[in-house]
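Take a look at the letters that make up each chain.
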Amino acid sequence: VRPIIQEEIKVGEGNDGKVLISPLANKLAIERGIDMFDCVLPTRVARHGTAMTMSGRLVVKNATFKEDFTPIDETCDCYCCKNYTRAYIRHLLASGESFGQRLLSIHNLRFLILLVEQARVAIEKDEFIEFKESFYEQYGIDPTSNKGF
């Protein structure tokens, strides 16, 4: 399986060789029957102030979110999105408070769990290809570019 994945997606170095490093990579892997993924990506990007949302990457540490009192992702049911705003999380990140990174990590992990749950439902309905294409469009991924996250 590894050579097929490497031909089509960018892979990152991991402790045991190669790891899938993007939502695009995860979708391609799911399509080939792989259902376990490394958790480095969601926590790494969270540490750098970035959230993964259904409409793409959101760099919460940017000043544009200073007065944005909406959740990270309106469609997400995680603890972070239910209880905190983009502005507050941005404040935590700008202040060097690690709680902001933790909240984004919680959100990003839930995002990936939801993504796999949705993929599972799409597979059961024999609609995975449509689901994948819809996700690519919504997330802003060009599957021909080999750029994932």
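What counts, and where the lines are drawn
- Residues numbered from 1 in each chain as written.
- Predicted model: local features only at pLDDT ≥ 70, side-chain atom pairs only at ≥ 80, totals over all residues.
- Heavy atoms only, no water.
- Helix = DSSP H or I, 4+ residues; strand = E, 2+ residues; numbered from the N terminus.
- Contact = heavy atoms within 4.5 Å.
- Areas by Shrake-Rupley, 256 points an atom, 1.4 Å probe, with all protein chains shown as cover.
- pLDDT = per-residue confidence, 0-100.
- Axes fitted to C-alpha atoms, helices over the stretch in contact; angles between N-to-C directions.
- Left-handed = near helix turned anticlockwise from the far one by under 90°.
- Nonpolar A, V, L, I, M, F, W, Y, C, P; charged D, E, K, R; others polar.
- Buried < 20%, exposed > 50% of the residue type's maximum accessible area, 1.4 Å probe, protein only.
- Pairing = 2+ DSSP bridges.
- Salt bridge = Lys/Arg side-chain N within 4 Å of Asp/Glu carboxyl O.
- Arc of directions from axis to C-beta.
- Polar contact = N/O pair within 3.5 Å; in protein donor to acceptor, adjacent residues only side chain to side chain.

1. Points about the overall build of the protein chain
- Across its full length, the protein chain carries seven helices and four strands.
- Overall, the protein chain shows an N-to-C arrangement of helices and strands of α-β-β-α-α-β-β-α-α-α-α.
- Sequence separation of 24 or more characterises 53% of the internal contacts of the protein chain that already satisfy a separation of 6 or more.
- Accessible surface computed for the protein chain: about 8700 Å², of which carbon and sulfur atoms make up 50%.

2. Some remarks on the confidence of the model for the protein chain
- On average, the protein chain scores 81 in pLDDT, and the residues at 70 or more come to 71%.
- Across the protein chain, the element-wise mean pLDDT spans from 43 in strand β2 (residues 17-20) up to 98 in helix α5 (residues 86-94).
- Overall, residues 1-21 carries pLDDT values under 50, and its contacts beyond four positions in sequence, including any with other chains, amount to 39 contacts.

3. So, the packing of helix α3 (residues 40-47) against helix α6 (residues 98-124)
- Packing of α3 against α6 brings their axes to within 8 Å, and their N-to-C directions diverge by 150°. The element α3 and its partner α6 pack so that their crossing is right-handed. Contacts between α3 and α6 involve P42, T43, V45, A46 and R47 from the first element and Q101, L104, S105, N108, L109 and L112 from the second.
- Each residue belonging to the contact of α3 with α6 can be placed in one class, and the counts come to six nonpolar, four polar and one charged.

4. Some thoughts on the pairing of strand β3 (residues 50-53)
- Side chains of β3 alternate between two faces, with T50 and M52 and A51 and T53 buried alike.
- Counted along the chain from β3 to the antiparallel partner strand β4 (residues 56-59), the turn is two residues long.

5. Structural notes on the pattern of salt bridges
- Going through the model one piece at a time under the given rule, you end up with three salt bridges.
- The closest approach of N and O atoms between R86 and D68, which form a salt bridge, is 3.1 Å. Of this pair, R86 sits in helix α5 while D68 is found in the loop between β4 and α4 (79-83), placing the two residues 18 residues apart along the sequence.
- Judged by relative accessible area, D68 falls into the buried class, the value being 17%.
- Note that D77 is salt-bridged to R110, the shortest N-O span being 2.8 Å.

6. So, α3
- Regarding α3, the residues found buried are L41, P42, V45 and A46. Taken down its axis, α3 places every buried residue within 125° of arc, on the same side.
- Residue G49 follows α3 closely and has a positive phi angle near 85°.

7. With respect to the environment of T85
- Along the chain, the position of T85 falls in the loop between α4 and α5.
- A sequence separation of 20 residues divides T85 from F65, and the C-alpha atoms of the two residues are 9.2 Å apart.
- When residues no more than four places from it in sequence are discounted, the contact partners of T85 are D68, F69 and T70.
- Looking at T85, its side chain comes within polar contact range of the main-chain nitrogen of Y88, at 3.1 Å.

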